[in-house]
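# Inside the fold
Each chain, written out:
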2 protein chains.
Amino acid sequence: MSIRIGIFGYGNLGRGVEAAIAQNPDMELVTVFTRRDPASLKLRTPGVVATAADKAAEMADQIDVMIICGGSATDLPVQTPALAATFNVVDSFDTHARIPEHFEKADAAARKGGKVAMISVGWDPGMFSLNRLLGEAILPDSKVYTFWGKGVSQGHSDAIRRVEGVADAKQYTIPVALALEAVRAGENPELTTRQKHLRECFVVPKAGADLARIEKEIKEMPNYFADYDTTVHFITAEELRRDHSGIPHGGFVIRSGRTGMDLEHNHIIEYSLKLDSNPEFTSSVLVAYARAAYRMNKDGVSGCKTVLDVPPAYLSPKTGAELRKELL
Amino acid sequence: MSIRIGIFGYGNLGRGVEAAIAQNPDMELVTVFTRRDPASLKLRTPGVVATAADKAAEMADQIDVMIICGGSATDLPVQTPALAATFNVVDSFDTHARIPEHFEKADAAARKGGKVAMISVGWDPGMFSLNRLLGEAILPDSKVYTFWGKGVSQGHSDAIRRVEGVADAKQYTIPVALALEAVRAGENPELTTRQKHLRECFVVPKAGADLARIEKEIKEMPNYFADYDTTVHFITAEELRRDHSGIPHGGFVIRSGRTGMDLEHNHIIEYSLKLDSNPEFTSSVLVAYARAAYRMNKDGVSGCKTVLDVPPAYLSPKTGAELRKELL
């Protein structure tokens, strides 16, 4: 019998989850819940139609896991605790500083309902967190470096779009090659914000806008750009559409540590991702952890969990014996 | 209270475990069990002395986890099942083809004793297995490539030493750079054995030996070298000692997969290790999983487990709340 999945929210992430379910034969999409008019949503899975978000509770016995695809700023802090009392849920809550608070709320709701709430799933937080933990547990005397990119930062692109005279924009976060090399060489450098990442901006100006002022405003914007070496390229709307319509991303978690009675040996552990589509990869992680949430709940587990709590074998449709034979 | 560790066997791996325990303040070395004369063993941990291997059972209540540091060929198939009935154990059994059989025997013994037997821990099997599994679970439509090296292969070095006229030798396994590049570029190449790895041999000949014959015999040796591009360098015993006394190793697990309704997006997940000391890194992994074995057993778990079964949080001395705050 398939694991029956509901998707809550149908933006980039929700559509990615739909595509990922189609790649996993042990899963089945039941419906997509939306706050829009359900009739207006054209799903891509044959035979499946959308449902109004406020009807979710009525479908509790038809859904094994709800994958919540809202945003971390305002959607998930409300949706995850609200849904976790009724459904096993998975979300991609990624506001690192607020994870402890989100965990507590999701945990209380999930325990009350006897369900599993799997939060902060994706690649960072998610796979990167897992690698930060594994490396630290193996090499206690070590330093970890996380680099992001090359990839599109939605937040920084939005910030540029708010500058007067900007029609549209896309911002790429790029790790500094020299910093990466120094870390990989085991030099354990102390790196400032500026030394770790570059910011490259592709900006479509409105007609007649003052380009020099736009560039200056972007480069001096506090938090977003002032602490970085930033490059601004002015391009046409057509060039933006043609060359920058994708949502690639990726990054590196590199741990550099020492072992031996005299700490005489160095070791480098590196985990990296190069993703053509950030939302589709995140969605694929969500779907694998939906499988784990379902199976852990079947085994009597309830409460809030993260990627750090999940036995890896639960992520795979294969049996323990198959995994030991094929992958161990 | 510390986790009390026994080490069973005191070769490279056992000494590495001793050094790793010194890096983990929540652990304490109780003793090293040896089949040699215990008085002949000089341990490096102040205040700790070796014990005869046949006295292990008498110390059952003084040891929380026994880390078994024997070889996979003949030691572990006997030692792990024998010790798992009495102790939580961790081993680094690495004969991939025989893991299912080793698992069954360790499982029966551990269940009988109500203990955890954690087998095949290290980096391959071990961290590499974990990454093979994670990648497959996230990207079902994907291909995985494992490359080893650059590093010393003990088995291949031994094989060279058995050639007539060879006094000593060291063999390095080296991934082929072009193959690595093609995999990283998402080309999903079909690679032959020869296309994946090179073998580089540093050979000390005996006086008067026929170098041409030695080189030919090495290069034509079935299984070990015949299917590879092999380079043979003749050097002096002093050069071998000076330039090739380390035991470095490492490698790469690269998964290349596709997502999207039309499988239109590519993703590359890469995990790599660059290790100055193969046995010390393996030992560090063993010690982290000893912590997990101890804690899982405390939580009522028994039987044989592998890295695929362990919730990652169990590997760290930190609490769940600390992990979520610092590493998630």
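Further up the page is the structure itself.
Given the structure is predicted, the values throughout are model-derived calculations rather than measurements. (Residues numbered from 1 in each chain as written. Chains lettered and ligands numbered in written order. Predicted model: local features only at pLDDT ≥ 70, side-chain atom pairs only at ≥ 80, totals over all residues. Heavy atoms only, no water.)

Here the focus is the sheet that holds strand E10 (residues 197-205) of chain A. Note on sheets: strands pair through backbone hydrogen bonds, and any given pair is parallel or antiparallel. Residues and elements named next belong to chain A. Pairing is mixed across the open sheet formed by 4 strands, whose spatial order is E8-E9-E10-E11. In this open sheet, the two strands that pair with only one neighbour each are strand E8 (151-152) and strand E11 (229-234). The pairing of E8 with strand E9 (residues 166-175) spans 2 bridges and is antiparallel. Considered in E9, the bridge of Val152 is made with Tyr172. Contacting E8, E9 and E10, helix H5 (residues 154-161) crosses the sheet at an angle of about 145° to E9. (Pairing = 2+ DSSP bridges. Helix = DSSP H or I, 4+ residues; strand = E, 2+ residues; numbered from the N terminus. Contact = heavy atoms within 4.5 Å. Axes fitted to C-alpha atoms, helices over the stretch in contact; angles between N-to-C directions.)

Moving on: the sheet that holds strand E10 (residues 197-205) of chain B. All names here are of chain B. Judged by pairing direction, the sheet is mixed, and its 4 strands sit side by side in the order E8-E9-E10-E11 without closing on themselves. Two strands close off the open sheet at either side, each with one partner strand: strand E8 (151-152) and strand E11 (229-234). By the bridge criterion, 6 bridges tie E10 to E11 in an arrangement that is parallel. When the bridges of E11 are listed, Val203 appears paired with Phe234.

What follows concerns helix H2 (residues 76-84) of chain A. An α-helix turns once per 3.6 residues; consequently, residues spaced three or four apart project the same way. Of the positions making up H2(A), those classed as buried are Leu76(A), Gln79(A), Thr80(A), Pro81(A), Leu83(A) and Ala84(A). Turning to H2(A), the residues buried within the fold contact strand E1 (3-8), strand E4 (65-68), strand E5 (88-90), helix H3 (99-113) and strand E6 (116-118) of chain A. (Buried < 20%, exposed > 50% of the residue type's maximum accessible area, 1.4 Å probe, protein only.)

A separate point is empty space enclosed by the protein. Residue and element names in this part refer to chain B. Applying the stated rule across the entire model yields 5 cavities of 30 Å³ or more. In this model, the largest cavity occupies a volume close to 50 Å³. Taken together, Pro77, Phe93, Arg98, Glu101, His102 and Lys105 make up the full set of residues lining the largest cavity. Among the elements that line the lining of the largest cavity, the one with the most residues is helix H3 (residues 99-113), at 3 residues. Grouping the constituent residues of the lining of the largest cavity by class yields 2 nonpolar, 1 polar and 3 charged. (1 Å grid on protein atoms, 1.4 Å probe; cavity = no way out; pocket = protein on both sides within 12 Å on 5 of 7 lines; lining within 4 Å. Points joined across faces, edges and corners; volume = space filled by probe spheres on them. Nonpolar A, V, L, I, M, F, W, Y, C, P; charged D, E, K, R; others polar.)

A separate point is the nonpolar core. Core analysis: the largest hydrophobic core is formed by 155 residues, its most contacted members being Met118(A), Tyr289(A), Met118(B) and Tyr289(B). Met118(A) has contacts with Val89(A), Val90(A), Asp91(A), Tyr289(A), Ala292(A), Ala293(A), Met296(A), Lys305(A), Thr306(A) and Val310(A), leaving out every residue within four places of it along the chain. (Core = buried A, V, L, I, M, F, W, Y, C linked by side-chain atoms within 4.5 Å.)

Right, let's talk about the side chain of Gln23(A) for a bit. Tracing the backbone shows Gln23(A) in the loop between helix H1 (12-22) and strand E2 (27-34). Classification of Gln23(A) as buried rests on a relative accessible area of 15%. A polar contact is formed between the side chain of Gln23(A) and the backbone oxygen of Arg258(B), at a distance of 3.0 Å. Setting aside residues up to four positions removed in sequence, Gln23(A) forms contacts with Pro140(B), Asp141(B), Arg258(B), Thr259(B), Gly260(B) and Leu263(B). (Polar contact = N/O pair within 3.5 Å; in protein donor to acceptor, adjacent residues only side chain to side chain.)

Taken together, the contact between chain A and chain B spans 69 residues of the former and 70 residues of the latter. Both faces combined, the contact of chain A with chain B buries some 6100 Å², and carbon together with sulfur accounts for 63% of it. Area buried by chain A at its contact with chain B is led by Met261(A), Arg324(A) and Leu328(A), which between them contribute 14% of it. One can count 4 salt bridges joining chain A with chain B. Taking the shortest distance from any N to any O, the salt bridge between Asp262(A) and Arg44(B) comes out at 3.6 Å. Between chain A and chain B we count 24 residue pairs in polar contact (both at pLDDT 80 or more) in total. Breaking the side of chain A that touches chain B down by element, the ones donating at least two residues are H1, H3, helix H4 (127-138), strand E12 (249-259), strand E13 (265-275), helix H10 (278-298) and helix H11 (320-326) of chain A. Grouping the amino acids of the side of chain A that touches chain B by side-chain chemistry returns 33 nonpolar, 18 polar and 18 charged. Pairing geometry for E13(A) and strand E13 (residues 265-275) of chain B, over 9 bridges, is antiparallel. Each bridged residue has a counterpart across the sheet, and for Ile268(A) the counterpart in E13(B) is Lys274(B). (Buried area = accessible area lost by both parts, 1.4 Å probe. Salt bridge = Lys/Arg side-chain N within 4 Å of Asp/Glu carboxyl O.)

Let's shift gears to the environment of Glu280(A). Here Glu280(A) shows up in helix H10. Among the residues examined, Glu280(A) registers a relative accessible area of 12% and is labelled buried. On a C-alpha basis, the gap between Glu280(A) and Ser256(A) in space is 30 Å, while along the polypeptide they are 24 residues apart. Contacts of Glu280(A), omitting those with residues within four sequence positions, involve Gly16(A), Thr259(B), Gly260(B), Glu264(B) and His265(B).

Of note, the amide linkage connecting Asp124(B) to Pro125(B) takes the cis form, showing an omega dihedral of 5°. If you trace the backbone, Pro125(B) turns up in the loop between strand E6 (116-118) and helix H4 (127-138). In this model, Gly149(B) is joined to Lys150(B) through a cis peptide bond whose omega is -5°. The phi torsion at Asn223(A) lies on the positive side, around 65°, for a residue other than glycine. Mapped onto the fold, Asn223(A) is located in the loop between helix H8 (211-219) and E11. Look at Asn223(A) and you get exposed, because its relative accessible area is 66%.

Least-squares fitting of chain A to chain B yields an RMSD of 0.0 Å, with the superposition described by an axial translation of 0.0 Å and a rotation of 180°. Considering both components of the superposition, the chain copies are consistent with a two-fold axis. A symmetric contact is evident, with 100% of the interface residues of chain A recurring at the interface of chain B. (Least-squares fit on C-alpha atoms with pLDDT ≥ 70 in both.)

Residues and elements named next belong to chain B. A full pass over the atoms with the stated rule returns 8 aromatic pairs over all chains. Measuring from ring centre to ring centre gives 5.2 Å for Trp123 and Phe128, while their planes differ by 75°; the resulting arrangement is edge-to-face. Grouping residues by exposure puts Trp123 and Phe128 together as buried. Ring geometry for Tyr172 versus Phe202: centroids 5.7 Å apart, planes at 85°, classification edge-to-face. Taken together, the positions of Tyr172 in strand E9 (residues 166-175) and Phe202 in strand E10 put the pair 30 residues apart, joining distant regions of the chain. (Phe/Tyr/Trp six-rings, centres within 6.5 Å; stacked < 30°, edge-to-face > 60°.)

For the rest of this paragraph, the subject is the packing of H4(A) against helix H10 (residues 278-298) of chain B. Between H4(A) and H10(B), whose axes approach to 8 Å, the crossing angle comes to 105°. Classified by the angle their axes make, H4(A) and H10(B) are roughly perpendicular. Across the interface between the two elements, Leu134(A), Ala137(A) and Ile138(A) from H4(A) touch Phe281(B), Ser284(B), Val285(B), Ala288(B), Tyr289(B) and Arg291(B) from H10(B). Looking at the contact of H4(A) with H10(B), its residues break down into 7 nonpolar, 1 polar and 1 charged. (Parallel < 35°, antiparallel > 145°, perpendicular 65-115°, else oblique.)

Residues and elements named next belong to chain A. Within E2, 6 of the 8 residues are buried, which leaves it mostly tucked inside the rest of the structure. Direction of pairing for E1 relative to E2: parallel, over a ladder of 6 bridges. Considered in E2, the bridge of Phe8 is made with Phe33. The parallel pair E1 and E2, bridged by H1, forms a crossover whose chirality is right-handed. (Right-handed = clockwise from strand over helix to strand, strands pointing away.)

Any functional reading would require information that these geometric values do not contain.
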